[in-house]
Amino acid sequence: MKPLYPLRFEPIFKHNLWGGQRLPGFLNRTPPHDNAIGEAWVVSDVEGSLSRVADGVLEGTTLRELLAADAARILGTATAPQGKFPLLLKFIDARQELSVQVHPNDEQAAKLGPGMFGKTEAWVVLDSCEQTSRLYAGFAHGISADCFRKALRDKTTPGTLHSFTPKQGDCLFLEAGTVHAIGANLLIFEVQQTSDITYRLYDWDRVDSQTGKPRQLHIEEGLAASDFGRGPCNPVRPKVNDSEGVRRELLVNCEYFTLNRLTSRVPFRIGAKGQCRMVVCVGGSGEILWNGHRSAIATGDTVLLPAEVGEATCVPSREVVLMECGLPQ
Ligand SMILES: [Zn+2]
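Residues numbered from 1 in each chain as written. Predicted model: local features only at pLDDT ≥ 70, side-chain atom pairs only at ≥ 80, totals over all residues.

Draft legend 1. The overall build of the chain, seen in detail. Helix and strand content of the chain: five helices and 23 strands. Taken over C-alpha atoms, the radius of gyration comes to 20 Å for the chain, in line with the 20 Å a tight globule of 329 residues would show. Principal-axis analysis of the C-alpha atoms places the extent of the chain at approximately 60 × 40 × 40 Å. The buried share among the 329 residues of the chain stands at 42%. Residue pairs in contact within the chain that sit at least 24 positions apart in sequence constitute 72% of those at least 6 positions apart. (Helix = DSSP H or I, 4+ residues; strand = E, 2+ residues; numbered from the N terminus. Rg over C-alpha atoms; globule rule 2.2 N^0.38 Å. Buried ≥ 20, exposed ≤ 12 C-beta atoms within 10 Å, placed from the backbone. Contact = placed C-beta atoms within 7 Å.)

Draft legend 2. The environment of Glu-324, seen in detail. Inspection of the secondary structure puts Glu-324 in strand E23 (residues 320–326). The exposure class of Glu-324 is buried, given the 20 C-beta atoms found within 10 Å. Separated by 21 residues in the primary sequence, Glu-324 and Val-303 place their C-alpha atoms 9.7 Å from one another. The residues contacting Glu-324, other than those within four sequence positions of it, are Asn-260, Leu-262, Ile-270, Arg-277 and Val-279.

Draft legend 3. View of the pairing of strand E5 (residues 87–94). E5 sits mainly inside the fold: seven of its eight residues count as buried. With four bridges joining them, strand E2 (residues 37–43) and E5 adopt antiparallel strand pairing. Each residue of the ladder has a partner; that of Ala-40, found in E5, is Phe-91. With eight bridges joining them, E5 and strand E12 (residues 186–193) adopt antiparallel strand pairing. Bridged to Leu-88 within E12 is Gln-192. (Pairing = 2+ DSSP bridges.)

Draft legend 4. Region of interest: the nonpolar core. By size, the foremost hydrophobic cluster in this structure holds 79 residues, and its most contacted members are Ala-122, Leu-172, Ile-188 and Val-280. Split by domain, this core shows at least three residues from each of two domains, domain 1 (12–225) and domain 2 (239–326). Leave out the neighbours within four places in its chain, and Val-280 touches Val-42, Leu-89, Phe-189, Thr-302, Leu-322 and Met-323. (Core = buried A, V, L, I, M, F, W, Y, C linked by C-beta atoms within 7 Å. Domains from an automatic or database assignment.)

Draft legend 5. Quick peek at the sheet that holds strand E14 (residues 239–243). The antiparallel open sheet is built from six strands, whose spatial order is E14-E15-E16-E23-E18-E21. Both edges of this open sheet fall to E14 and strand E21 (302–305), since each of them pairs with a single strand only. Sheet twist, expressed as the mean angle between neighbouring strand axes with direction ignored, is 20°. Here strand E15 (residues 246–253) runs beside strand E16 (residues 258–264); their pairing, made up of seven bridges, is antiparallel. Bridge pairing in E16 places Asn-253 opposite Thr-258. (Axes fitted to C-alpha atoms, helices over the stretch in contact; angles between N-to-C directions.)

Draft legend 6. The arrangement of helix H2 (residues 63–75) in detail. Taking 1.5 Å per residue as the helical rise, H2 with its 13 residues ought to reach 18 Å, whereas the 11 Å between its terminal C-alpha atoms falls clearly short. Maximum bend of H2: about 100°, positioned at Ala-69. Those residues of H2 hidden inside the fold are in contact with strand E3 (45–46) and strand E4 (49–50). Once H2 finishes, Gly-76 follows within two positions and takes phi at roughly 65°, a positive value. (Expected span 1.5 Å × (residues − 1). Bend = angle between axes of the 7 residues up to and from the residue.)

Draft legend 7. Region of the structure containing the sheet that holds strand E22 (residues 311–316). In space, the four strands of this open sheet follow the order E17-E22-E19-E20, with antiparallel pairing throughout. In this open sheet, the two strands that pair with only one neighbour each are strand E17 (268–271) and strand E20 (293–298). On average, each strand axis in the sheet is inclined to that of its neighbour by 35°, with strand direction left out of account. Note: strand E19 (residues 285–290) against E20, six bridges, orientation antiparallel. Paired with Leu-289 across the two strands is Arg-294, which belongs to E20.

Written as structure tokens, this is what we have:
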């Protein structure tokens, strides 16, 4: 295999009835002819939506092909369960609310077939509207399985969930089994396990304008995957480390991923020796320096640093905010 370098992938845009028009601009891409783009998958090894390298000698190669050639050069000592890259990174533009939904855990997903994983996820709010945005995460206090079933029948589901108006920068960590929904007018960065299994429990009684019908619900599967022990889920409290002009905030450190937010106006190190890291620029701009090469990074850009590359330097041109995701070692 050719030498590796900091890899950029072509974003994969997804049509969703609740989506909007903000993502192509946010990612500096020409808009496809679609006015309801809900998601842009920026690192993906989900079947049918494989990320491809956007530039350099590996242009056009999929992330899966890179792993198949030599997983250790990409992942270091981290593992690729079933030969798949373990994380999916995406941006979400919720013009309308997403369904009330739940995802299975690994054990439940494995029963659906080989190569199926659960979905633990984390959100970082990039933009929110004080008047109309709401996040729904976990059950409100005292909601039993029976109450929830009744609410599904009576179409009063949102009232059974804990909800709040998020602020820009809020991070929510949602373990598989937590019932949740993203409300309207939110722009979100999400990191999650490589999985696309969603059980829709309630869809706000709306009709899909493309089909003229409501979207399918998955009540029984969803109830089986719902963890009634998961009550109100609130934004995480970051562990903050300020050092030499660089703020490092640890947002999530779970069995599937780590998530840090790095904010700085002065040059700083990204990545880690011998490890695979992904950096996603969510504010500002600058350059990435590695091995004598320079490349620009701006809001909406994602760069994967393979283990073989390890560390690089980010040189901000103005204050830059990066989300840095890592794999458990
Ligand atoms: Zn979800």
